[in-house]
Amino acid sequence: MSAAIAATFLAVAAVVIELLLPGRAAYHAGWYNVSIAALAIVGFIAGRRLLRRTPDARLRFAVTAMIVGGAVVALAGVASGLLAPDDQTFVGAPGQRMRVESLGILAFPLASTEHVASGAVTLERPLRGAVTIGERAYYAGNFVVRATPRDVAYVEARDLRGNRLTVTQPSGSVFLSPVLLMEHRQTIAGMDLPYDSFSVPAAQRVVKAVMFTAAQAAMLLHGNAALGEPAVLFAVDDENQRPIPNAIALSAGGRAVRAGGLMLRGDVITYPAVAVAATPNLIATALGALLALGGLIGAMVCSLRPRFARPRRSPERS
């Protein structure tokens, strides 16, 4: 019976780990899912042999429950690993509502210049209402969802007299958002840096913005401690995206800088993205694991009972 128990519960453990530690690339690897299936098959074969050898009906029932429970869990794990979509991170702009297939609608909060989002991401699911998504994992059917903070740039543009100008993102997901999501990458001075762009229609300018962490900004500024803060590098072009001479400036710590006839300010703030990882079905895994555990306990009780049964006394001869 030990082979049936070991193989079944190794398969169950491999699937339960996917629920406890979601989002690992190995869960979608072929070798991982083949291993789960192989363990389930070994447990089934060993359990079937045990059923043929034992005449005890209670032990047969317990072993059957253990095998069936393990098979249910293994099937849920393999189906998730081979058929479910790969893990994804959804990056939304402030105020954007993003539909995610098989999950629902992600509603992203507005943002402020206080270095944080002014709210939390909510998940709206049909017939189930809305739930708040935080950094703790939220299990939604065959998926686990959590918010992951990421750095974005909050930009502001003014003319040289101090009048605020409208910022637009023609290629962005939200046209009038002042928050740049920084989803593109480029290399500057050997550093791989995120960048984005925006337009200032009133001034007929297109501005490219490159974001630096505090450590990267300090390296760029040769260790100048006064400016060792997150920074945004602005490069201003004309409306036809032709570079303007001497129109590059670095806004460190949210300070306003002058470039291309504009006063520009870039603040590095924290804004949530949403990580979605496929997991084995929670209900199927939980029920299968409980069935397998109950079968194991029942099988152990049935196996130990004969050892503690009292021998019958033979009738005394008169």
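Residues numbered from 1 in each chain as written. Predicted model: local features only at pLDDT ≥ 70, side-chain atom pairs only at ≥ 80, totals over all residues. Heavy atoms only, no water.

S.K.: In this structure, what is going on with the sheet that holds strand β13 (residues 231-238)? I would like to understand it.
M.R.: One open sheet holds the five strands; their spatial order is β10-β11-β12-β13-β14, and the pairing between them is antiparallel. Each end of this open sheet is capped by a strand with a single partner; those strands are β10 (184-188) and β14 (243-252). Between one strand axis and the next, the sheet turns through 30° on average, direction left out of account. Across five bridges, the pairing between β10 and strand β11 (residues 191-200) is antiparallel. (Pairing = 2+ DSSP bridges. Helix = DSSP H or I, 4+ residues; strand = E, 2+ residues; numbered from the N terminus. Axes fitted to C-alpha atoms, helices over the stretch in contact; angles between N-to-C directions.)

S.K.: Which parts of the structure should I look at to understand unusual backbone geometry?
M.R.: Peptide bonds are trans in most cases, and residues, glycine excluded, mostly fall at negative phi. In the Ramachandran plot, Q204 falls in the positive-phi region, its phi being about 55° despite a non-glycine side chain. As for its position among the elements, Q204 is in the loop between β11 and β12 (205-212). The class for Q204 is partly exposed, based on a relative accessible area of 44%. Phi at N246 is positive, roughly 55°, even though this residue is not glycine. Within the secondary structure layout, N246 lies in strand β14. Residue classification places N246 among the exposed positions, given a relative accessible area of 79%. (Buried < 20%, exposed > 50% of the residue type's maximum accessible area, 1.4 Å probe, protein only.)

S.K.: Would you mind going over the pattern of salt bridges with me for this structure?
M.R.: Side chains bearing opposite charge may pair, as long as their charged atoms lie close to each other. Counted by the stated rule, this structure contains eight salt bridges. Of the charged contacts in the structure, one is a salt bridge between E156 and R158, with a shortest N-O distance of 2.9 Å. Exposure remark for E156: the relative accessible area of 11% places this residue in the buried category. The partly exposed category is assigned to R158, whose relative accessible area is 28%. Salt-bridge contacts for E156 lead to R265; the nearest nitrogen and oxygen are separated by 3.3 Å. With E156 in strand β7 (residues 143-158) and R265 in strand β16 (residues 262-278), the pair connects residues that are 109 residues apart, well separated along the chain. (Salt bridge = Lys/Arg side-chain N within 4 Å of Asp/Glu carboxyl O.)

S.K.: How should the side chain of T168 be read in this particular structure?
M.R.: Mapped onto the elements, T168 comes out in the loop between β8 (164-165) and β9 (179-180). Not counting the four nearest positions on each side in its chain, T168 is found in contact with F175, L176, F198, S199 and P201. (Contact = heavy atoms within 4.5 Å.)

S.K.: Just checking my understanding: could you explain the environment of S251 for this structure?
M.R.: As for its placement among the helices and strands, S251 is situated in strand β14. Classification of S251 by relative accessible area gives buried; the value is 0%. Each C-alpha atom, one on S251 and one on P230, is 8.7 Å from the other, the two residues being 21 residues apart in sequence. Of the polar contacts made by the side chain of S251, one reaches the backbone nitrogen of G266; its length is 3.2 Å. (Polar contact = N/O pair within 3.5 Å; in protein donor to acceptor, adjacent residues only side chain to side chain.)

S.K.: Looking at this structure, I do not really get the sheet that holds strand β4 (residues 121-125). What am I missing?
M.R.: Strand-to-strand pairing in sheets goes through backbone hydrogen bonds, with the strands running parallel or antiparallel. Strand order in the open sheet made by the four strands is β2-β3-β4-β5, with antiparallel pairing throughout. Sheet topology places β2 (97-100) and β5 (129-133) at the edges, where each strand pairs with a single neighbour. Here the average twist between neighbouring strands, direction ignored, is 25°. Of the pairings in the sheet, the one linking β4 to β5 comprises five bridges and is antiparallel in character. Across the sheet, V121 pairs through a bridge with I133, a residue of β5.

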